[in-house]
Amino acid sequence: MFKIFLFLVLLLELGTCDGIMVIGDKNFPDMNLSKQDIKAIFLDKKRFLNNQKILAMNYEYGNELRVCFEKSILEKSQKSLERYWRKAYYKGKKPPKIIKSIEMLFSYIESVSPSIGYIDANTTLKEDVKILFESQCS
Amino acid sequence: MLIKFLFYLFFLTGFVFANEGKNLYGLNIPNSSLNIGGYLDMTYDDMRRDDFLFEDIAMLFSSNSDHFDLLGEIELSHISLEGKSSIHSDVDVNVERLQVSYNINDNDSLVFGRFNSDVGFWNQAPITILQDTTTTPHVEQYVFPQATTGMMYKKRINSEERLSFTLQYNKDLAHQEETLKIDKHIALAYVFESDEFSWGISLGTYRDNNHINSHYAGLSVEYDNDLISIQSELFTEEDTVHQGKPYSGYVQSVWHLFDKQDMVMRLEAYYDKKNDLKEEIYLLGYVYRPFSNLSLKGEYVYHSKLPLNRFVYSLSVLF
């Protein structure tokens with residue numbers, strides 16, 4: 001019985017996200033990005049780096065990484081983000097590009113500069129990317 | 001009428017499901033950056049002869065390139081579900097906004113065309129779907145111009161502060177009747193914006209089509225969190241014939257009671273010298289947002305002087 005319980009706990013642990021890593025392409029300008037900078041990029045308040053437009057990428061609604069990102073980096077609830085994007089759309093702003101998988105994220109990061117996204121903090125990085133910021137899920 | 005209403009409700013909700021939770025609006029034209037969407041507001045006002053009225057149906061379009069943004073809002077107003085309106089004999093087609101922005105960098109941008117200046121907070125999102133009430137405060141309609149046809153320079157001082165300078169010295173691009181029709185407008189606005197708290201001050205002068213010059217100044221404050229949102233604005237306006245509005249302001253609180261339901265209270269007061277009217281307006285309302293881009297609102301508006309006490313209901317969709 002205890003083994004089954006332990007197995008279930010481990011299964012739950014595997015399914016949750018402890019933290020995230022914000023990553024950029026290999027040519028992403030070296031700068032100490034703060035949480036505020038990342039927040040500004042993902043809310044379409046900061047668009048340029050060295051005079052080049054940044055490609056920001058986000059996962060689909062409901063993705064656990066996105067849930068973690070919105071709580072720990074954007075520090076906004078779902079409802080608050082909905083209010084924000086309704087008004088932002090009226091002002092002509094656009095939310096980050098939606099990607100469906102980590103593979104898709106890496107594919108964009110490999111080909112577009114400057115580009116920025118985030119992955120699970122436990123991911124083993126093979127691709128040539130820059131780690132810009134790390135955060136625990138709150 | 002009920003069947004018609006249910007038909008429109010059914011039709012409108014079709015727009016809604018596809019967007020739930022995605023915060024994506026409009027339709028992106030393939031192989032281009034052009035995005036086309038819109039909004040509509042259907043209101044029921046028990047002081048109107050028409051039962052239901054499409055207050056606004058508008059098309060929103062935008063396109064972004066590296067440094068240039070195009071934004072347009074073309075509106076059809078006052079379409080009665082009966083096919084005609086008692087207020088307007090014809091449907092109005094109007095260019096609410098048509099603006100091109102040149103973003104020099106993240107801190108400096110220039111806007112040309114017809115746009116909402118940075119003056120006031122309500123004026124940044126003046127359509128029903130973006131607000132928590134169907135009716136609009138007095139200050140938003142009668143104290144300073146809602147739209148400007150000219151240019152605006154925006155300067156971001158840092159991540160929390162920005163300044164803007166607005167200039168109009170020509171005729172309005174739009175033809176539709178607006179409360180304030182102007183041919184000259186100069187304004188300066190400062191805004192401080194943090195996560196939950198924002199405030200701003202605005203100063204400006206404008207000349208209306210009767211060649212009366214007016215000056216205004218105002219303070220706007222907003223606090224927003226998951227439990228409550230409070231927005232307040234207080235403006236003063238004086239004109240050269242001494243028929244201005246010494247004060248016009250409101251405090252509006254929105255209580256986020258449940259996940260999709262909010263309660264709204266608004267207190268307003270204004271003094272209109274021209275009509276020698278000092279009035280207070282009290283509003284109590286309820287908002288239900290079953291989806292992020294659909295809202296159903298009901299409110300009771302009580303006027304202390306004018307015979308305008310009434311219930312107003314609306315259904316709004318952003319798509």
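Here's a quick rundown of the structure. Treat the numbers as computed from the prediction; the structure is a model and nothing was measured.

## Quick look at the pairing of strand β5 (residues 92-103) of chain B
All names here are of chain B.
Next, step 1: In this sheet, strand β6 (residues 108-115) lies alongside β5 in antiparallel orientation, the contact comprising 6 bridges. When the sheet's bridge partners are listed, tyrosine 102 is paired in β6 with leucine 110.
Next, step 2: Between the end of β5 and the start of β6, which pair antiparallel, lie 4 residues.

## Examining helix α3 (residues 64-72) of chain A
Residue and element names in this part refer to chain A.
Next, step 1: Among the residues of α3, Leu65, Cys68 and Phe69 are the ones counted as buried. What you see down the axis of α3 is that its buried residues fit within an arc of 100°, all on one side.
Next, step 2: Where α3 is buried, its residues meet β1 (19-25), β4 (55-59) and β6 (115-120).

## Regarding the sheet that holds β1 of chain A
Residues and elements named next belong to chain A.
Next, step 1: Strand order in the open sheet formed by 5 strands is β5-β4-β6-β1-β7, with mixed pairing between adjacent strands. Strand pairing shows two members of the sheet lacking a second neighbour, β5 (97-99) and β7 (129-136), which therefore form its edges. Looking at each pair of strands side by side, their axes are set apart by 30° on average, direction ignored.
Next, step 2: Examined bridge by bridge, β4 and β5 share 3 bridges and lie parallel to one another. Residue pairing in the sheet places tyrosine 59 in a bridge with isoleucine 99 of β5.
Next, step 3: Lying on the sheet, helix α5 (residues 102-111) is in contact with β1, β4, β5, β6 and β7; it crosses β6 at an angle near 150°.

Calculation criteria
Residues numbered from 1 in each chain as written. Chains lettered and ligands numbered in written order. Predicted model: local features only at pLDDT ≥ 70, side-chain atom pairs only at ≥ 80, totals over all residues. Pairing = 2+ DSSP bridges. Helix = DSSP H or I, 4+ residues; strand = E, 2+ residues; numbered from the N terminus. Buried ≥ 20, exposed ≤ 12 C-beta atoms within 10 Å, placed from the backbone. Arc of directions from axis to C-beta. Contact = placed C-beta atoms within 7 Å. Axes fitted to C-alpha atoms, helices over the stretch in contact; angles between N-to-C directions.

None of the figures reported here should be taken as evidence of function without further support.
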